[in-house]
Amino acid sequence: QVQLVESGGGLVQAGGSLRLSCAASGRTFSRAVMGWFRQAPGKEREFVGAISRRGGRTYYADSVKGRFTISRDNTKNTVYLQMNSLKPEDTAVYYCAADIVSPLWSRTERSYDYWGQGTQVTVSS
């Protein structure tokens, strides 16, 4: 019922910035807690951050605090991940995810009901 499409990934040098977008279908978006995850080659998928239904609260993994910012525009059914001061260790496929059922944010993959296809972010030294 919900389809998510990420965009904005690419190749950047260390210290640079990227802004990822995740466009969601339908009217369900405004009822969903939205999360961002990433998966590097040979690694498990890890939590990056999440944003509450109305965008009033955000949560971040320690590894990205102070560098990444999540925002959302419910009128456009879109959530964003602004990434600044990028490091080579940020290289991964980035996924957005939607939790329709629970109003509470989660850092656990299985809490999210729908997932995008992912977008590649590569940070060079």
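Here the residue index of a chain counts from 1 through its sequence in written order. Predicted model: local features are reported for residues with pLDDT of at least 70 only, side-chain atom pairs are reported and counted for 80 or more only, and whole-chain, interface and lining totals are derived from all residues. To get the side-chain values, take all heavy atoms of the structure and skip hydrogens and water.

Caption draft 1: Layout of unusual backbone geometry. Residue asparagine 77 is not a glycine yet carries a positive backbone phi of 55°. Secondary structure follows DSSP: runs of H or I at least 4 residues long count as helices, runs of E at least 2 residues long count as strands, and numbering of each begins at the N terminus. Among the structural elements, asparagine 77 can be located in the loop between β7 (68-73) and β8 (78-83). The classification of residues rests on relative accessible area computed with a 1.4 Å probe and restricted to protein chains. Under 20% of the type maximum is buried, over 50% is exposed, and intermediate values are partly exposed. Note on asparagine 77: relative accessible area 18%, which makes it buried. Positioned with a positive phi, serine 85 is a non-glycine residue whose angle comes to about 50°. Along the chain, serine 85 turns up in the loop between β8 and β9 (92-99).

Caption draft 2: Representation of the sheet that holds β7 in the model. Here four strands make up an open sheet; going across it, the order is β1-β3-β8-β7 and the pairing antiparallel. The open sheet has two edge strands with one neighbour each: β1 (4-7) and β7. Across this sheet, the average inter-strand angle for adjacent strands is 15°, counted without regard to direction. Pairing between β1 and strand β3 (residues 18-24): four bridges, direction antiparallel. Considered in β3, the bridge of valine 5 is made with alanine 23. Any two strands are treated as partners once DSSP identifies two or more bridges connecting them. Angles here are taken between N-to-C directions and fall from 0 to 180 degrees, while the axes themselves are lines fitted to C-alpha atoms, restricted in helices to the stretch in contact.

Caption draft 3: The arrangement of the pattern of salt bridges in detail. Here, a salt bridge means any Lys or Arg side-chain nitrogen found within 4 Å of an Asp or Glu carboxyl oxygen. Tallied over the entire structure, the rule returns four salt bridges. Here aspartate 90 ties to arginine 38 by a salt bridge, and the two come within 2.9 Å at their closest N and O atoms. A residue pair is termed long-range when its members are at least 10 positions apart, and aspartate 90 in the loop between β8 and β9 and arginine 38 in strand β4 (residues 33-39) qualify at 52 residues. In terms of burial, aspartate 90 and arginine 38 fall into one category: buried. Close ionic contact of aspartate 62 with lysine 65 constitutes a salt bridge, the shortest N to O distance being 3.2 Å. Taken together, the shared-partner salt bridges in this structure form one network comprising Arg38, Glu46, Arg67 and Asp90.

Caption draft 4: How the structure looks around the side chain of threonine 91. Tracing the chain through its elements places threonine 91 in the loop between β8 and β9. Engagement of the side chain of threonine 91 in a polar contact is seen with the backbone nitrogen of valine 123, the distance being 2.9 Å. Contact partners of threonine 91, with chain neighbours within four places excluded, come to Ala40, Gln120, Val121, Thr122 and Val123. Any N or O atom pair separated by 3.5 Å or less is treated as a polar contact, with the protein-specific requirement of one donor-capable and one acceptor-capable atom, and with residues adjacent in sequence counted only for side-chain atom pairs. Note on contacts: a residue pair qualifies if any of its non-hydrogen atoms lie within 4.5 Å across the two residues.

Caption draft 5: Spotlight on the nonpolar core. Among buried residues, those of type Ala, Val, Leu, Ile, Met, Phe, Trp, Tyr and Cys that are joined through side-chain atoms within 4.5 Å constitute a nonpolar core. If you look at the biggest cluster of nonpolar residues, it comprises 34 residues, and the most contacted ones within it are Met34, Trp36, Leu81, Met83 and Tyr94. Residue assignment for this core shows that the elements contributing at least two residues are β3, β4, β5 (46-51), β7, β8, β9 and β11 (119-124). Ranked by residue count, the leading element in this core is β9, at five residues. Methionine 83 has contacts with Gly16, Ser17, Leu18, Leu20, Arg67, Phe68, Tyr94 and Val121, leaving out every residue within four places of it along the chain.

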